Amino acid sequence: MSPSLLVEWTIKSVVIVLMMLAGFAYLTLFERRVLARMQVRIGPNRAGPWGLLQPVADGIKLIFKEELIPAQADRLLFVLAPIVTVIPALILLAVIPIGPSITIGGRQISLGLADDVNVGVLYLSAVTSIAIYGIVLAGWSSNNKYALLGGIRSSAQMVSYELALGLVFVGPILLAGSMSLRHIVLDQEHLWYVVLQPIGFVVWLIASLAEVNRAPFDMPEAEQELTAGYHVEYSGMKFALFFMAEYVKMIAVSVIGATLFLGGYWGPFVERYPLLGPVYLFAKTVALIFLQLWARATLPRFRYDRLMAFGWKILLPLSLLNVVATAVLVVVGR
Amino acid sequence: MFLVELARGFWTTFRSMFERPVTISYPEVKRPVRERFRGRHELKRYGNGLEKCIGCSLCAAACPADAIFVEGAENTDEARYSPGERYASTYEINMLRCIFCGYCEDACPTEAIVLGHNYELSFTDRRQSVYTKDLLLVPVPPGGQPTPMRVAPGAFNQSIPLMKDPE
């Protein structure tokens, strides 16, 4: 491995992580403003122009908060849980192609860290599964019944919906004939997979909401019943890490959806100006995130048994059907 | 059927994004309070500048939260504060105790204490919660004189003054 390649990868990783963190900060502001507008309010507009410094103020506040560890808690796991939750969320985007290759100083650089790895989609579903451990451990190590219930709910919910999510991933894999996300995006240059996979896209929309524990599937948090679910006992930066994991996963899931179904970085004139690619990807991601916030502003929380019934009796058969139909169509089309 | 309901719900939230926000940006825009709003107390004056309060302590007696402290003193013709026999030399309201019930207003025989419209009563120190007489007393109206004023002997001879503005 040449040193220049190492430098390139380091720069790319740092940029991706920093982008995720900045995205997290401003997603909180974006969410609050969108929700406020949908509730005919204004939303945070005091800190800085249009409230742009609100995330900074929130961050400073959380840093200076007292860090509490309950007396009966399992201290090691209690500290470990937020870390286990946030890291998978941050490394999720490593396999996403952000744009086509560009040439800087005679050097071909592909926009994306490991976007050509041949198990890209598998990596996505593997890494998202790890985050469940963080939440379950947080619920268990807090030694609090609400936290434990939140942890149990989230594990059940995420495991159930991950099945549907994994099966939905199979559609684009079959169509592209590859698990590499770079290939999947390249294959969508002329036709987005959302046209070929409408059921898959809808199932993905629903399952991804459940996967990141967002309303209307925010059962693990359920303020009204579980006070805050798995992170009741967390405060200060440890709480901020859970918060960060949730929002970073929202971004990551939206980027994945844009890549798998909405043509990734493709858009008009990307062939001529490759730097437009990230812009298109960003726009598609924002649109999908807006959809998530819209759902949160509109839909009340599901009842727990209905959530499970919906996941197992509707979403799972639907995605299985989608896989079978896609497989048949791919073979017939060939 | 379920999908129609779903679409209607989403349409409702989307439509409300384009409505005017109902928020009132408080420190810049202040919503007017009702006429009978009970805010911070004010000690009123007559048109000539004399204080309406005659230091009778009925407000302190009526106060269910024991927030008011009044100390009366005698008026003289050289130093006259109120048209009555006595005036309030000390008048303090503890805003940490006050529950803004308005009983003091009802108890006052001369309509001297009135709950005003000011509701911005934040303070950073417990000591600042005690509002003294000079904070509560309204400014002298135009054409009036500040108290204590020197008056002609025998001009005010009633222990409880008439309810109208003295000439």
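Residues numbered from 1 in each chain as written. Chains lettered and ligands numbered in written order. Predicted model: local features only at pLDDT ≥ 70, side-chain atom pairs only at ≥ 80, totals over all residues.

Caption draft 1: Region of the structure containing the overall build of chain A. Summing up its helical and strand segments, chain A has 12 helices and 2 strands in all. Counting from the amino terminus, helix and strand elements in chain A follow one another as α-α-α-β-β-α-α-α-α-α-α-α-α-α. Relative to the globule expectation of 20 Å for 334 residues, the C-alpha radius of gyration of chain A, 20 Å, shows essentially globular dimensions. Along the first, second and third principal axes, the C-alpha atoms of chain A reach 60 × 50 × 45 Å. Scored against the burial criterion, the 334 residues of chain A give a buried share of 45%. A separation threshold of at least 6 residues defines the contact pool for chain A, and within that pool the share at least 24 residues apart is 78%. (Helix = DSSP H or I, 4+ residues; strand = E, 2+ residues; numbered from the N terminus. Rg over C-alpha atoms; globule rule 2.2 N^0.38 Å. Buried ≥ 20, exposed ≤ 12 C-beta atoms within 10 Å, placed from the backbone. Contact = placed C-beta atoms within 7 Å.)

Caption draft 2: Just helix α3 (residues 75–91) of chain A, in detail. Residue and element names in this part refer to chain A. Its 17 residues give α3 an end-to-end C-alpha distance of 25 Å, which sits within 8% of 24 Å, the value for a rise of 1.5 Å per residue. The largest bend along α3 reaches roughly 25° and is located at A81, with the proline P82 sitting one to four residues downstream. Where α3 is buried, its residues contact α1 (3–38), α4 (120–141) and α10 (236–261). (Expected span 1.5 Å × (residues − 1). Bend = angle between axes of the 7 residues up to and from the residue.)

Caption draft 3: Examining the interface of chain B and chain A more closely. Taken residue by residue, the interface counts 10 residues in chain B and 9 residues in chain A. Partitioning the side of chain B that touches chain A into residue classes produces 5 nonpolar, 4 polar and 1 charged. (Nonpolar A, V, L, I, M, F, W, Y, C, P; charged D, E, K, R; others polar.)

Caption draft 4: How the structure looks around unusual backbone geometry. Phi angles above zero are rare outside glycine, and W50 of chain A is one such case at about 55°. Within the fold, W50 of chain A resides in the loop between α1 and α2 (54–63). Here D66 of chain B, not a glycine, exhibits a phi torsion of approximately 55°, which is positive. Examined against the element boundaries, D66 of chain B turns out to sit in the loop between α2 (58–62) and β2 (68–74).

Caption draft 5: View of α10 of chain A. All names here are of chain A. Here α10 is 26 residues long and its end C-alpha atoms lie 37 Å apart, about the 38 Å a rise of 1.5 Å per residue gives. Within α10, 22 of the 26 residues are buried, which leaves it mostly tucked inside the rest of the structure. Of the residues one or two after α10, G263 is the one with positive phi, at around 80°.

Caption draft 6: Just the nonpolar core, in detail. Formed by 88 residues in total, the largest nonpolar core has its most connected members in A207, V248, I251 and A252 of chain A. Looking at this core, the element that brings in the most residues is α10 of chain A, giving 16 residues. Not counting residues within four places of it along the chain, the set of residues in contact with A252 of chain A comprises A89, L92 and L93 of chain A. If you look at the next biggest cluster of nonpolar residues, it comprises 20 residues, including I54, C56, Y81 and Y91 of chain B. (Core = buried A, V, L, I, M, F, W, Y, C linked by C-beta atoms within 7 Å.)

Caption draft 7: Broad picture of the packing of α1 of chain A against α10 of chain A. Residue and element names in this part refer to chain A. Close contact between α1 and α10 brings their axes to 9 Å; oriented N to C, the two are set at 100°. Overall, the two elements α1 and α10 adopt an arrangement that is roughly perpendicular. Facing M20, G23, F24, L27 and T28 of α1, the residues of α10 in contact are M244, Y247, V248, M250 and I251. Residues belonging to the contact of α1 with α10 are distributed by class as follows: 8 nonpolar, 2 polar and no charged. (Axes fitted to C-alpha atoms, helices over the stretch in contact; angles between N-to-C directions. Parallel < 35°, antiparallel > 145°, perpendicular 65-115°, else oblique.)

Caption draft 8: Summary view of the environment of P100 of chain A. All names here are of chain A. On the secondary structure map, P100 appears in strand β1 (residues 99–104). Through-space distance from the C-alpha of P100 to that of I42 is 39 Å; in sequence the pair is 58 residues apart. If sequence neighbours within four positions are ignored, P100 has contacts with L111, Y265, V270, P274 and G277.

Caption draft 9: Summary view of the packing of α3 of chain A against α4 of chain A. All names here are of chain A. As a packed pair, α3 and α4 sit with axes 8 Å apart at the nearest point and diverge in direction by 160°. One way to sum up the angle between α3 and α4 is to call them roughly antiparallel. Our pair here, α3 against α4, has a crossing hand that is left-handed. In this structure, α3 uses L77, F78, L80, A81, P82, V84, T85, P88, A89 and I91 to contact α4, whose residues at the interface are V127, T128, I130, A131, Y133, G134, I135, L137, A138 and S141. Looking at the contact of α3 with α4, its residues break down into 16 nonpolar, 4 polar and no charged. (Left-handed = near helix turned anticlockwise from the far one by under 90°.)

Caption draft 10: View of the sheet that holds strand β5 (residues 130–131) of chain B. Residue and element names in this part refer to chain B. Across the sheet, 3 strands lie side by side as β2-β3-β5; this open sheet has antiparallel pairing. For this open sheet the edge positions go to β2 and β5, each flanked by a neighbour on one side alone. Bridging between strand β3 (residues 86–94) and β5 involves 2 bridges; their strand directions are antiparallel. Bridge pairing links I93 to Y131 in β5. (Pairing = 2+ DSSP bridges.)

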